[in-house]
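This is what each chain is made of:
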Amino acid sequence: MNCSNNAGQVSIVRQFNNVNSGQFSIDDGLLGGECTVTSPFSLAGRCVPATASAVFGGVAARISGNDIVLARWSMVTSVGPAAGDDGDVFLLIY
């Protein structure tokens with residue numbers, strides 16, 4: 001998926017749901033590199049690792065109900081260290 005604070009740049013590239021027939025959705029975030037993914041099933045008791053691709057930095061995931069707020073950051077950007085960084089995120093829920 002692609003996380004951004006620009007609604008035209010957020011997207012889910014691939015998804016697989018082996019829990020129910022629902023689809024995940026994604027919305028833009030308030031800050032650069034941020035997005036909210038809504039799960040079609042409860043996230044209670046689940047592990048949610050996330051990885052930012054092609055970045056010297058990382059991604060933080062916060063669960064709130066059925067929402068996962070992802071904040072991607074980079075140590076090397078034109079804005080300086082730890083700035084929000086739009087781009088790809090790999091998310092796994094188990």
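Cut-off values and rules
Think of each chain on its own: its residues are numbered from 1, step by step along the sequence as written. In keeping with the predicted nature of the model, local features appear solely for residues at pLDDT of at least 70, side-chain atom pairs appear and are counted solely at 80 or more, and the whole-chain, interface and lining totals rest on all residues. By convention in this description, side-chain values take in all heavy atoms of the structure and omit both hydrogens and water. A run of H or I in DSSP counts as a helix once it spans at least four residues, and a run of E counts as a strand once it spans at least two, with each numbered from the N terminus. Per-residue accessibility, obtained with a 1.4 Å probe over protein chains only, is compared with the maximum for each type, and a residue is labelled buried under 20%, exposed over 50%, and partly exposed between these values. Residue contacts are defined here by distance: any two heavy atoms, one from each residue, within 4.5 Å place the two residues in contact. Working definition of accessibility: Shrake-Rupley area with a 1.4 Å probe, residue cover restricted to the visible protein chains. Two strands qualify as a pair provided DSSP detects at least 2 bridges between them. Patches draw on residues past 30% relative accessible area with no salt bridge. Two like charges within 9 Å are joined, as are two nonpolar side chains (Val, Leu, Ile, Met, Phe, Trp, Tyr) within 5 Å. Take a side-chain nitrogen of Lys or Arg and a carboxyl oxygen of Asp or Glu: if they are within 4 Å of each other, that pair is a salt bridge. The criterion for a disulfide is a pair of cysteine sulfur atoms lying within 2.5 Å.

> Looking at this model, I keep getting lost on the overall build of the chain. Mind explaining?
From N to C terminus, the chain includes zero helices and eight strands. Looking at the chain as a whole, 36% of its 94 residues are labelled buried. Put simply, 47% of the contacts in the chain that link residues at least 6 apart link residues at least 24 apart. Only carbon and sulfur atoms are counted for the fraction: they give 53% of the accessible area of the chain, which is about 5,500 Å².

> I keep staring at the pairing of strand β8 (residues 87-91) and nothing clicks. Help me out?
Remember that side chains alternate between the two faces of the sheet whenever the strand is regular. Bridge count between strand β1 (residues 2-3) and β8: two bridges; the pairing is antiparallel. Among the inter-strand pairings, N2 is bridged to a residue of β8, identified as D88. As judged from the three bridges shared by strand β4 (residues 50-52) and β8, these two strands associate in the antiparallel manner. The residue bridging A52 from the neighbouring strand is V89, located in β8.

> Help me out: how do you make sense of the pairing of strand β5 (residues 57-64) in this one?
Where β5 and strand β6 (residues 67-74) come together, eight bridges link them in antiparallel fashion. Directly across from G57, in β6, lies its bridge partner S74. Counting the residues between successive antiparallel strands, the hairpin from β5 to β6 contains two residues, one of them, G65, with a positive phi of roughly 65°.

> Honestly, the sheet that holds β4 in this entry has me stumped. Any pointers?
Strand pairs in the sheet, formed through backbone hydrogen bonds, run parallel or antiparallel to each other. Read from one edge to the other, the open sheet built from three strands follows the order β1-β8-β4, with strand pairing classed as antiparallel. Each of the sheet's edge strands pairs with one partner strand only, and the pair in question is β1 and β4.

> Explanation requested: a nonpolar patch on the surface in the structure shown.
A surface patch of nonpolar side chains, amounting to about 320 Å² of accessible area, comprises F56, W73 and M75. Mapped onto the fold, M75 is located in the loop between β6 and β7 (83-84). What makes M75 partly exposed here is its relative accessible area of 38%.

> Would you explain the state of the cysteines in this entry?
Considering all chains together, one arrives at one disulfide under this definition. The disulfide that involves C3 links it to C35, with 1.9 Å between the sulfurs. Taken as a pair, C3 in strand β1 and C35 in strand β3 (residues 34-38) lie far apart in primary sequence, 32 residues in all. Considered together, C3 and C35 belong to a single accessibility category, that of buried residues.

> Help me out: how do you make sense of the environment of V59 in this one?
Relative to the assigned elements, V59 resides in strand β5. Along the backbone, V59 and G33 are 26 residues apart, and their C-alpha atoms lie at a distance of 8.8 Å. Every residue in contact with V59, bar those within four places of it in the chain, is listed here: A50, T51, A52, L70, A71, R72, W73 and V89.

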